[in-house]
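Spelled out from the first residue to the last, the chains are:
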Amino acid sequence: KKIIKMTSSIKSIMNENVLDKTVFVRADLNIPMSNGKISDQSRVERVIPTINFLKSSGAKIVICSHLGRPNGKYDKNYTLKPLVEILSNILETNVRFSKSCLGQKALEIKTSLKAGEILLLENVRFHEEEINNSLSFAKKLSEGCDLFVNDAFSCSHRAHSSLHAITNFLPSYSGKLMDEEIKALTSVLSSPIKPVAALVGGAKISTKINIIEYLITKMDYLIIGGAMANTFLVAEGLDVGKSLFEKDSVNIAKSILKESKKINCEIILPIDVVVSKSFETNGNTKIVSSNMIPLDMMALDVGPKTIKKISSIFENIKTLLWNGPLGAFELEPFGEGTFSLARRASNLTASNNLITVAGGGDTSSALNKAGVSDTFTYISSAGGAFLEWLEGIELPAISVLSNNK
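Residues numbered from 1 in each chain as written. Predicted model: local features only at pLDDT ≥ 70, side-chain atom pairs only at ≥ 80, totals over all residues. Heavy atoms only, no water.

## Examining the pairing of strand β14 (residues 298–302)
Counting buried positions along β14 gives five out of five residues, so the element sits mostly inside the fold. Across four bridges, strand β12 (residues 272–276) lies against β14 in antiparallel orientation. Bridge assignment links Val273 to a residue of β14, and that residue is Val302. (Buried < 20%, exposed > 50% of the residue type's maximum accessible area, 1.4 Å probe, protein only. Helix = DSSP H or I, 4+ residues; strand = E, 2+ residues; numbered from the N terminus. Pairing = 2+ DSSP bridges.)

## Observations regarding the sheet that holds strand β7 (residues 147–150)
Within the open sheet, the six strands sit side by side as β5-β6-β4-β1-β7-β8. Their pairing is parallel. Only two strands of the sheet have a single partner each, and these edge strands are β5 (96–98) and β8 (172–174). Put simply, the sheet's adjacent strands are angled 25° from each other on average, direction ignored. Summarising the sheet, β7 and β8 pair through three bridges and their orientation is parallel. From the neighbouring strand, Asn150 faces β8, where its bridge partner is Ser174. (Axes fitted to C-alpha atoms, helices over the stretch in contact; angles between N-to-C directions.)

## Some details on the packing of helix α1 (residues 42–56) against helix α2 (residues 82–91)
Where α1 contacts α2, the axes come no closer than 11 Å and their chain directions differ by 60°. Taken together, the axes of α1 and α2 lie oblique to each other. The two elements α1 and α2 meet at a crossing, and its hand is right-handed. Residues Val44, Glu45, Ile48, Ile51, Asn52 and Lys55 of α1 form the contact with α2, whose participating residues are Leu83, Ile86, Leu87, Ile90 and Leu91. (Parallel < 35°, antiparallel > 145°, perpendicular 65-115°, else oblique. Left-handed = near helix turned anticlockwise from the far one by under 90°. Contact = heavy atoms within 4.5 Å.)

## Brief notes about helix α5 (residues 135–142)
For α5, the set of buried residues is Phe137, Ala138, Leu141 and Ser142. Along α5, the residues classed as buried sweep out an arc of 135° about the axis, all on the same side. Residues of α5 that are buried in the fold lie against β1 (22–26), α3 (104–112) and α4 (128–131). (Arc of directions from axis to C-beta.)

## Quick notes on the environment of Phe329
Among the secondary structure elements, Phe329 is positioned in the loop between β15 (319–323) and α11 (336–350). For Phe329, a relative accessible area of 5% translates into the label buried. Apart from the residues within four sequence positions on either side, Phe329 is in contact with Phe334, Gly335, Thr338, Phe339, Asp362, Ser365, Ala366 and Lys369.

## Focus: the pattern of salt bridges
Summed over all chains, the structure comprises nine salt bridges. Glu117 is the partner of Arg96 in a salt bridge, and the nearest nitrogen-oxygen pair spans 3.7 Å. Taken together, the positions of Arg96 in strand β5 and Glu117 in the loop between α3 and β6 (118–121) put the pair 21 residues apart, joining distant regions of the chain. Its relative accessible area of 31% is what places Arg96 among the partly exposed residues. Residue classification places Glu117 among the partly exposed positions, given a relative accessible area of 27%. (Salt bridge = Lys/Arg side-chain N within 4 Å of Asp/Glu carboxyl O.)

## Here's the deal with the sheet that holds strand β13 (residues 285–289)
Spatially, the three strands line up as an open sheet ordered β13-β12-β14, and their pairing is antiparallel. With partners counted over all chains shown, the strands left at the sheet margins are β13 and β14, one partner each. Shown here is a sheet whose adjacent strand axes are inclined to one another by a mean of 40°, direction ignored.

## Some thoughts on unusual backbone geometry
For the bond from Lys194 to Pro195, the omega torsion is -5°, close enough to zero to count as cis. The residue Asp20 is not glycine, and still its phi comes out positive at about 65°. Within the chain, Asn133 stands out as a residue other than glycine whose phi angle is a positive 55°. Tracing the backbone shows Asn133 in the loop between α4 and α5.

## So, the packing of helix α8 (residues 228–235) against helix α9 (residues 250–262)
Between α8 and α9, the shortest axis-to-axis distance is 8 Å and the interhelical angle comes to 75°. By the angle between their axes, α8 is roughly perpendicular relative to α9. Where α8 approaches α9, its residues Thr231, Phe232, Val234 and Ala235 are matched on the opposing element by Val250, Ala253, Lys254, Ile256 and Leu257.

Right, here's the structure in full:
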């Protein structure tokens, strides 16, 4: 795997003169939709600052995105058409739509755009060439455009035509959302204000081994929660009762614990847990020490002593990276650990004592539920790209931006 290079060589569109230029913007408008109705439009809202900048600077704007996985052919369930009305309302302008992302008709609309006008192209994944990173497909996408802007950090772990190959045909830039995302992640991993801690939660250690191995080389503390903490408790010789853990990963957990001591990264595991006989809402629960989990019960959240311990770490660090929940937060009352610590981190951020950067799908919804989404320093919109960045992997659609002359 390639390790991330410094991304300071990327040029931001926010510093360019775009008057009368036709700008191809790759956005991530892959939002939850059923029967043409949208349940969450936050991804749309995050690309608006870039679009507004281009619009007010007199550019002609062409927006390209994918939606879902239509397998390279037209599928009405994945059309971007319902977004025309939403974009038009937010941007207070009449957004035009092209039924195909390329071809004669799309080119005609592109070339007829006036300064400040916006065109939304149909789902780019209706063509299998997109996923194959086809050069000829990218060339057709670029026709009628002067500049390329990648504002889709969340898709940038993929080498697809509209993200990667297209940079061969147009001068390429990052958008405002991309700038923010890279700045936030660089500030946590490459140049953090120390001491720095990472909180990593979730169910499986196996999906985050590489992340954990990379983070222990960067962090002063690594706080482990969720079911993956159980695997570490087993690695320490404890019995976790009926709790979920990964037998196959116990040896890896042991070696991570050993390695972290060598490099002075302190790993924090739960010292007490909330246990229950069954995984159900408001079942019978009790709080026990991590070394006293009953044989017929399972750990589903961290207990109050653990919360207190982690809170005191939060008070003594300057930077916190958060990825994943500490317990089964979807069910009452197993979100208390995640929510109370999220609120503690949020308060410290609000009083300028802590820089907080969070990301990953479950993380965003847990922080939303905790009501702290507005106070964290930065919450990434990305899932896979965020995790790959945490593993230290170079993201293909970003590295081509820094190669761009």
